[in-house]
Each structure stands twice: as C-alpha cells, then as structure tokens.
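This is what each chain is made of:
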Amino acid sequence: MERKMEDRMPRNALLIAGRVSKRTGIPLDDIVQYYVKKRRIIAQERQPLEGKYAVWGIDLFDENYWIAARGSTGEEVAQIARRMTDEAESISRSDRNMTMVYCAYDPKGKYLG
C-alpha cells in the first residue's frame, strides 16, 4: 500500500501545516510536498558532528536551519525538540505567524520526532 504524503509528516507538523493552509490559502498538498522535499534535502546534509543526537531548528519563513541543541540519547533530543516547537508555537499564537519548528535526529540523520 502506498503511503500518502500526509503519512510522512509528524502529527504536530501536519497540524501546523493545516493552520498555515487555512491562514494563507496555500493548498495543504503543496505545503506537505514542500515539507517532504525539504526534509529529504536537510536529512542528506544533516550529520550531527561527533556522532551526537541533535535538534535542528527550521525557519519555515526563510528556509534556514541550524543545530539548536545536542544530546546523548534520542529520547532526550526528541523531548527537547517537542518542548522547543511547543514554545515556538505558543509565541506564534500571539503574532499569528508560525515559522519555527524543531526536529530531533540521530547521529545518522534519521528523523526521531
């Protein structure tokens, strides 16, 4: 069975994409396709230094990304990424503009959450 594009996005990212789609009028499919494409590109470039787990920040407005935090376990960086994304989302509620998301990756570049 072929997976739909939406199945490739984490739940939080899909909810954010839905909000962006409603606010901007950009079709959800376009946002999802962009996300999947960008995630593939970033995963290829994203090899945390020294074999550490990393949280990458992604600015959806200008498409920049950076290592926002590092950790020694996947669970640790996944928790940090969720906390940082929740904080960014709560800030964005006040100005109605969600532009930052944070994702956790293992030392091989595999998405963790």
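Heads up: these notes are all about the structure in this document. Note that this is a predicted model, so its numbers are computed, not measured. (Residues numbered from 1 in each chain as written. Predicted model: local features only at pLDDT ≥ 70, side-chain atom pairs only at ≥ 80, totals over all residues. Heavy atoms only, no water.)

1. Thoughts on the sheet that holds strand S3 (residues 100-105)
Link 1 in the chain: Spatially, three strands are ordered S2-S1-S3 in an open sheet, and the strand pairing comes out antiparallel. Edge strands, defined here as strands with exactly one partner in the open sheet, are strand S2 (65-71) and S3. Each strand axis lies, on average, 25 degrees off the axis of its neighbour in the sheet, ignoring direction.
Link 2 in the chain: As paired strands, strand S1 (residues 53-59) and S2 are joined by six bridges and run antiparallel to one another. In the strand pairing of S2, Ala54 is matched with Arg70. (Pairing = 2+ DSSP bridges. Helix = DSSP H or I, 4+ residues; strand = E, 2+ residues; numbered from the N terminus. Axes fitted to C-alpha atoms, helices over the stretch in contact; angles between N-to-C directions.)

2. Things to note about the side chain of Asp106
Link 1 in the chain: Among the structural elements, Asp106 can be located in the segment after S3.
Link 2 in the chain: We note that Asp106 is buried and unpaired, the nearest opposite charge coming from Lys110 at a distance of 5.7 Å.
Link 3 in the chain: Here the side chain of Asp106 touches Lys108 through a polar contact of 2.9 Å, landing on its backbone nitrogen.
Link 4 in the chain: A distance of 2.8 Å separates a polar side-chain atom of Asp106 from the backbone nitrogen of Lys110. (Buried < 20%, exposed > 50% of the residue type's maximum accessible area, 1.4 Å probe, protein only. Lys, Arg positive; Asp, Glu negative; His and termini not counted. Salt bridge = Lys/Arg side-chain N within 4 Å of Asp/Glu carboxyl O. Polar contact = N/O pair within 3.5 Å; in protein donor to acceptor, adjacent residues only side chain to side chain.)

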